[in-house]
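Examining the three-dimensional arrangement
Residues per chain are reported as follows:
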Amino acid sequence: MISTFLDKLVASKRSRIEEAKRSVDVVGLSRAAVEISTKKTPNRLQTALQRTDRINIIAEFKRASPSKGMISDRLDAVEVANMYTNGGACAISVLTEEDYFLGSLNDLRRIRENVDLPILRKDFLVDDYQILESAAAGADAILLIASILSPESLMRLQKLANDFGLDAVIEVHDREEIEIAIEVDAKIIGVNNRNLETFEVSLDTSRALIEHAPKGSILISESGISSPEQIAELRRVGYSGFLIGESLMRSNDPQRMLEELASFDEDVLEVSGSQ
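An account of the accompanying structure is given in this report. (Residues numbered from 1 in each chain as written. Predicted model: local features only at pLDDT ≥ 70, side-chain atom pairs only at ≥ 80, totals over all residues. Heavy atoms only, no water.)

Let us look at empty space enclosed by the protein. Per the counting criterion, the structure on display carries 1 cavity of 30 Å³ or more. Its volume calculated, the largest cavity comes out at about 220 Å³. What lines the largest cavity is a set of 18 residues, among which Phe-101, Lys-122, Phe-124, Asn-192 and Leu-196 lie closest to the centre. Looking at the lining of the largest cavity residue by residue, the class counts come to 9 nonpolar, 4 polar and 5 charged. (1 Å grid on protein atoms, 1.4 Å probe; cavity = no way out; pocket = protein on both sides within 12 Å on 5 of 7 lines; lining within 4 Å. Points joined across faces, edges and corners; volume = space filled by probe spheres on them. Nonpolar A, V, L, I, M, F, W, Y, C, P; charged D, E, K, R; others polar.)

Along the chain, Ser-72 turns up in the loop between strand S3 (69–70) and helix H4 (77–87). For Ser-72, a relative accessible area of 7% translates into the label buried. In this structure the side chain of Ser-72 is engaged in a polar contact, spanning 3.2 Å, whose partner is the backbone oxygen of Met-249. In contact with Ser-72, other than residues within four places in its own chain, are Arg-63 and Met-249. (Helix = DSSP H or I, 4+ residues; strand = E, 2+ residues; numbered from the N terminus. Buried < 20%, exposed > 50% of the residue type's maximum accessible area, 1.4 Å probe, protein only. Polar contact = N/O pair within 3.5 Å; in protein donor to acceptor, adjacent residues only side chain to side chain. Contact = heavy atoms within 4.5 Å.)

This paragraph deals with the environment of Ser-104. Of note, Ser-104 is situated in the loop between strand S4 (91–95) and helix H5 (105–114). We classify Ser-104 as partly exposed; its relative accessible area is 24%. With 10 residues separating them in the primary sequence, Ser-104 and Val-94 have C-alpha atoms 8.6 Å apart. In contact with Ser-104, other than residues within four places in its own chain, are Leu-95 and Thr-96. Separated by 2.9 Å, the side chain of Ser-104 and the backbone nitrogen of Asn-106 make a polar contact.

Turning our attention to the layout of surface pockets. Estimates place the volume of the largest pocket at around 270 Å³. Looking at the largest pocket, it is lined by 16 residues, and the ones nearest its centre are His-173, Arg-194, Asn-195, Leu-196 and Glu-197.

Written out as structure tokens, the structure is:
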């Protein structure tokens, strides 16, 4: 069930989309998306997450959140992205929602111009227009949230993204939504540990939903991860990627924190697996 907050956020997003359509040359945007997609390597995020010789951390650039307000005054997207790259991130997530997260698609464009890692556009995508935006901006993947989209819309947006060479991460929060992800044949499933109604965070969500994940899918655990031990546990039960934003953005040294989180330590994994 969509919460009141999500209703308000999605309504705001739809309003912005309609405004953009009136001011942007949609035909030109489509041509740019096609041109860029023909020059890029498809499925870059999926490929990055399939590596098993490292800890696959998707490091997120995120200015603010509805529950925490301003998270960090470290506002230069390229500076942060370079720290993430040097720290060993496998990909970068850019939160582009404007009204509640203070994001911008321009952050993604600037990071794309300066960093070669796969980039995930994290936003509330509800319209085909946003897929064109994402492709034209240079994203490699987009987030589709099951709780705000019908299965039919999920299927359509996922297919359109794939047509432009973009991976689609289908985000789920409960058993019902993971069944929808299975229904639309999601290749990458993101399990969000944050309850979008209460904003409470619990890794128990990832622990519970991994049991219902379809075979062959790539699983990402999102939110609430801040230690190598948590990553080791989640990796052991089947997660291939770990999306981390707030703890990195709040860190005085996000590069060093990433290096510590992303260090591949068999001893840590074995200790976690024996508990």
